[in-house]
Amino acid sequence: LSLHDALPICNSWLIFARNSLFSLLSASTAARASAILASMASRSVTSRAMPQVMHRVGVKRLAPFFVRLLNALKQRGSRPSENLRVVLLTPGPRHPLYFEDIYLARYLNLTLVEGGDLAVREDRVYLKTLGGLLPVDVIYSRGAEAQIDPLELGGSAPHGVPGILQAVRKGHVA
């Protein structure tokens, strides 16, 4: 994967100062939406507690960000977007970000999968279902990349998918 394939995200935390100005508390960039989900929860509480301030300041909604994120994921697929299957790969329920994975998958209407839910056949990634294997076009992973393919990267993480990097190299999945 090249650097231009990443979806950069910048997150800034502002604090309301006594003089009615905002100060930057911290800023960071990451290739995942954890901070955005935390911001969404924070904004929900803040908008209920201080609706006038939120309106006066003109805080933008986060929903357009998630629409752009979903569209960016779909653009990485090789098939027409109406037939595209995008999944969110999670390390599973023991991972500290599992709840966020569930929330994000539901919000974006993605299928939440663990490594065992996916199979690679002839350099293509498939979702295992009761009705058979379904092709996967895009996999959104939020930080488990170091162990995503035990064949190439080593390790025995339960969320890894053997052969997935070969499918990415062949251009069959993004």
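Before reading on, note that the structure itself is shown above.
Quick notes on the rules
- Residue positions within a chain follow its written sequence, with the count starting from 1.
- Restriction of local features to residues with pLDDT of at least 70 applies here, the model being predicted, together with a cutoff of 80 or more for giving and counting side-chain atom pairs; totals for whole chains, interfaces and linings are based on all residues.
- Each side-chain value is worked out from all heavy atoms of the structure, with water and hydrogens disregarded.
- What we call a nonpolar core is a set of buried Ala, Val, Leu, Ile, Met, Phe, Trp, Tyr and Cys residues that are connected through their side-chain atoms within 4.5 Å.
- Type-normalised accessible area, obtained with a 1.4 Å probe on protein chains alone, sets the label of each residue: buried when under 20%, exposed when over 50%, and partly exposed for intermediate values.
- Think of it this way: any DSSP run of H or I at least four residues long counts as a helix, any run of E at least two long counts as a strand, and we number them from the N terminus.
- Strands were regarded as paired on the criterion that DSSP finds at least two bridges between them.
- In this description, a line fitted to the C-alpha atoms serves as the axis of each element, helices being fitted only across the stretch in contact, and the angle between N-to-C directions of two axes falls anywhere from 0 to 180 degrees.
- Two residues qualify as a contact provided that any one of their heavy atoms is within 4.5 Å of a heavy atom in the partner residue.
- The arc under discussion is defined with respect to the helix axis, by the directions toward the C-beta atoms.
- Working definition: a ring pair exists when centres of Phe, Tyr or Trp rings (six-membered ring for Trp) sit within 6.5 Å. Plane angles under 30 degrees give stacked, over 60 give edge-to-face, the rest tilted.

Things to note about the nonpolar core
Thinking step 1. Formed by 17 residues in total, the largest nonpolar core has its most connected members in Phe 66, Leu 69, Leu 104 and Leu 108.
Thinking step 2. For this core, the elements supplying multiple residues, two or more each, are α1 (34-49), α3 (63-75), β3 (86-89), α4 (98-108) and β8 (138-141).
Thinking step 3. By residue number, the principal contributor to this core is α3, which donates five residues.
Thinking step 4. Val 113, Val 125, Val 161 and Ala 167 belong to the second-largest nonpolar core, a separate cluster that totals 14 residues.

Quick word on the sheet that holds strand β4 (residues 111-113)
Thinking step 1. Spatial strand order, β4-β3-β8: three strands in an open sheet with parallel pairing. At either margin of the open sheet sits one strand with a lone partner, and together these are β4 and β8. Pairwise comparison of adjacent strand axes, ignoring direction, gives a mean angle of 35° for this sheet.
Thinking step 2. Two strands pair when backbone bridges link them, and β3 and β4 are joined in this way by three bridges, in the parallel orientation. Paired with Leu 88 across the two strands is Leu 112, which belongs to β4.
Thinking step 3. Docked against the sheet, α4 engages β3, β4 and β8, running at close to 155° with respect to β4.

Points about α4
Thinking step 1. When we look at burial in α4, the residues that qualify are Asp 101, Leu 104, Ala 105 and Leu 108. When α4 is viewed along its axis, its buried side chains cluster within an angular range of 100° and face the same direction. Opposite the buried face of α4, by more than 90 degrees, sit the exposed residues Phe 99 and Arg 106.
Thinking step 2. Asn 109 sits one or two positions beyond α4 and adopts a positive phi of about 60°.

Remarks on the packing of aromatic side chains
Thinking step 1. The tally for this structure, following the rule as stated, stands at four aromatic pairs.
Thinking step 2. Considering the side-chain rings of Phe 65 and Phe 66, the 5.1 Å spacing of their centres and the 75° angle between planes classify their relative orientation as edge-to-face. The same class applies to Phe 65 and to Phe 66, which are both buried.
Thinking step 3. Cluster of aromatic residues (ring-pair linked, three or more members): Phe 65, Phe 66, Phe 99, Tyr 103 and Tyr 107.

Read these as layout, nothing more, since geometry by itself doesn't imply function.
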